[in-house]
Every structure is written in structure tokens, then in C-alpha cells.
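Here is how the chains run, residue by residue.
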Amino acid sequence: MTIPIDALADLVRASRRAAILTGAGVSTDSGIPDFRSRNGIWREFDPTRFATRDGLFADPVGFYDFWRGQLGFLESATPNVSHEVIAKLERSGPAREVITQNIDGLHQRAGSRNVLEAHGTLRTVRCVECGVREPSKRAFAMRGRAPRCRVCEGLLRPDVVLFGEPLGGAYEDALEAVARSDLVLVLGSSLTVAPISELVPYALERTIPVAIVNRDPTHLDRDVSLALRAELAPTMRALATALSLR
């Protein structure tokens, strides 16, 4: 099937400062399952046990057993064509910020430099007492006991935004990135998770063009400049060809 890429390529060509917003659909092609779709992780596992502070403190060993499984996906995953094309868009100039809902670090591994991880990252853990951060490898390697801080012996937690927690400064940074942009390119996001989903209405209020590429429809498709319902990998590959990205 031919992908109608010309309109998307025209929007990117006209941009001098694009903000790219990425969701789970960018990483599923790397073998990382998403959390919220009809076949997502939270359909099988209870997020109140494995994605809240209460769940962490109630059963830290079980909490880490769950997240250790998710880290296994990350260790075997590599950036896919979508990550690579996004990095090329950053190097070639149009893309200035990558705002991601993903916690896998694959944008950085693909070469993107200005990445705002709105929901945090599984690459690090931090102490709930003193706030010291460290790479997550040691914490996730422990079995049968909760990982503790080397400095104060406080409980370590994954450096991600858990259910019920605010995004804090990350959301303000994302708003500023969108406000500075002349194009918002949404890739692989259903735009159902607040408050990041509000970035698109925020852009539209400021008459900033928005393009959405997603496999499934979103509730904002009719409001934006362009909405493509398409598989992301072939679409990004076609965009790279249309823009002669190297």
C-alpha cells in the first residue's frame, strides 16, 4: 500500500523548529510492549500493585520482580527505524526537541540529544529518602530483597512517574518546547494519557500546525493539520526518503 507521505513531508520541510511527541507506538517495533492498549501490560498486571508508590512500599520485592521483567525487554531492545529517522530530523535541523512518553531510552541510543522524558526512565533508580540517583542495573539485579541506597539505606525506586504522581517540571518543559515550535509532530501516541495529551490542544490554541501519525485513530484527528492512520515504521522510512535524510 502506498503511504500518502507528501503532505507530511511538506509540513516538515516548512518547519524550522519542530517538536516531536512520541508514544508507545514508536517503541513497539523494537519489541517493547505498550502498557495501555487492549493487549497492553496493564490488561494482565494490576497497575495499583506495580505502578504506584503504595504498591512499592507494600511489596517492594514483588514490585521489583515485575519491573525486572520490563527491564529485560529493554536490555534486548534496539532502536528501530522510527527512532533513527527522528534522530536524523534532529541532526538535519527541523526537530529541536523530542518529548517522549516512553521510558526505554531508545531515542538517546539512536542519537537524539535533546530528549525530554516526560514519564521518566527505567535507566536509573533514585532513593526515596535522599534522592540520590544511580544506574538501575544493580537494583534490578537483586532478587529476593529490596534494593537500598548506598548512601542512606533508603529504598530505591525506578526513576519513572508512577500512577497518581505529577509530572512536575517535565510537563512545564514540554509546554515550553511546544510553545517555541512551529510544528508538533505526534508519532505513535493515542493521546489518551494526561497531561501529555494536552500538549496538542495547547499547540492548536496557538495555531501551531500539528501532524499525527498513529496506527489507530485519536480523538484529535479532526482538529489537526494532518492525521495519518498508518503503521509507523514504513511511514517514517518513506518520510526519510521524501526528505532525503541521511
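Going by the structure above, here's the rest.
Residues numbered from 1 in each chain as written. Predicted model: local features only at pLDDT ≥ 70, side-chain atom pairs only at ≥ 80, totals over all residues. Heavy atoms only, no water.

Asker: Teacher, can you tell me more about the overall build of the protein chain here?
Answerer: Within the protein chain one finds 11 helices and nine strands. The globule rule puts the C-alpha radius of gyration for 246 residues at 18 Å, and the 19 Å found for the protein chain is close to it. Once the C-alpha set of the protein chain is aligned to its principal axes, its extents read approximately 55 × 35 × 30 Å. Counting over 246 residues, the protein chain shows a buried share of 54%. Sequence separation of 24 or more characterises 66% of the internal contacts of the protein chain that already satisfy a separation of 6 or more. Carbon and sulfur atoms make up 49% of the accessible area of the protein chain, which amounts to about 11,900 Å² in all. Where the 31 positive side-chain charges of the protein chain centre and where its 30 negative ones centre are 5 Å apart. (Helix = DSSP H or I, 4+ residues; strand = E, 2+ residues; numbered from the N terminus. Rg over C-alpha atoms; globule rule 2.2 N^0.38 Å. Buried < 20%, exposed > 50% of the residue type's maximum accessible area, 1.4 Å probe, protein only. Contact = heavy atoms within 4.5 Å. Areas by Shrake-Rupley, 256 points an atom, 1.4 Å probe, with all protein chains shown as cover. Lys, Arg positive; Asp, Glu negative; His and termini not counted. Charge placed at Lys NZ, Arg CZ, Asp CG, Glu CD.)

Asker: In this structure, what is going on with the pairing of strand E2 (residues 95–100)? I would like to understand it.
Answerer: When you tally the buried positions in E2, you get five out of six residues, the bulk of the element. Of the pairings in the sheet, the one linking strand E1 (residues 18–22) to E2 comprises five bridges and is parallel in character. Within E2, the position partnered with Leu-21 by the bridge is Ile-99. As defined by bridge partners, E2 adjoins strand E3 (residues 115–117) across three bridges and the pair is classed as parallel. Residue pairing across strands places Ile-99 opposite Leu-116, the latter belonging to E3. (Pairing = 2+ DSSP bridges.)

Asker: Would you take a moment to explain the side chain of Asp-104 for this structure?
Answerer: Along the polypeptide, Asp-104 turns up in the loop between E2 and helix H7 (106–110). This buried residue, Asp-104, is left without a salt bridge; Arg-123 holds the nearest opposite charge, at 7.4 Å. At 2.6 Å, the side chain of Asp-104 and the side chain of Ser-27 are in polar contact. Leave out the neighbours within four places in its chain, and Asp-104 touches Ser-27, Ile-32 and Leu-74. (Salt bridge = Lys/Arg side-chain N within 4 Å of Asp/Glu carboxyl O. Polar contact = N/O pair within 3.5 Å; in protein donor to acceptor, adjacent residues only side chain to side chain.)

Asker: Which parts of the structure should I look at to understand the environment of Gly-23?
Answerer: Inspection of the secondary structure assignment puts Gly-23 in the loop between E1 and helix H2 (24–27). Once the C-alpha coordinates of Gly-23 and Ser-189 are considered, the two residues, 166 residues apart in sequence, prove to be 4.2 Å apart. Among residues more than four places away in sequence, those in contact with Gly-23 are Gln-101, Asn-102, Leu-187, Gly-188 and Ser-189.

Asker: Got a minute to help me understand the sheet that holds strand E4 (residues 120–127) in this structure?
Answerer: Each strand in a sheet pairs with another by means of backbone hydrogen bonds, the pair being arranged parallel or else antiparallel. In space, the three strands of this open sheet follow the order E5-E4-E6, with antiparallel pairing throughout. With one partner strand each, in any of the chains shown, strand E5 (133–135) and strand E6 (156–160) form the two edges of the open sheet. Neighbour to neighbour, the strand axes of the sheet diverge by 40° on average, direction disregarded. (Axes fitted to C-alpha atoms, helices over the stretch in contact; angles between N-to-C directions.)

Asker: I'm lost on the packing of aromatic side chains in this one. Help?
Answerer: Under the counting rule described, the total for this entry stands at five aromatic pairs. Relative to Trp-67, the ring of Phe-63 has its centre 6.4 Å away and its plane inclined at 45°; by these criteria the two rings are tilted. A residue pair is termed a helical-turn pair when its members lie 3 or 4 positions apart in one helix, as Phe-63 and Trp-67 do in helix H5 (residues 60–76) at four residues. Trp-67 matches Phe-63 in its accessibility class, with the two residues each being buried. Considering the side-chain rings of Phe-66 and Trp-67, the 5.1 Å spacing of their centres and the 85° angle between planes classify their relative orientation as edge-to-face. You can call Phe-66 buried: its relative accessible area is 6%. (Phe/Tyr/Trp six-rings, centres within 6.5 Å; stacked < 30°, edge-to-face > 60°.)

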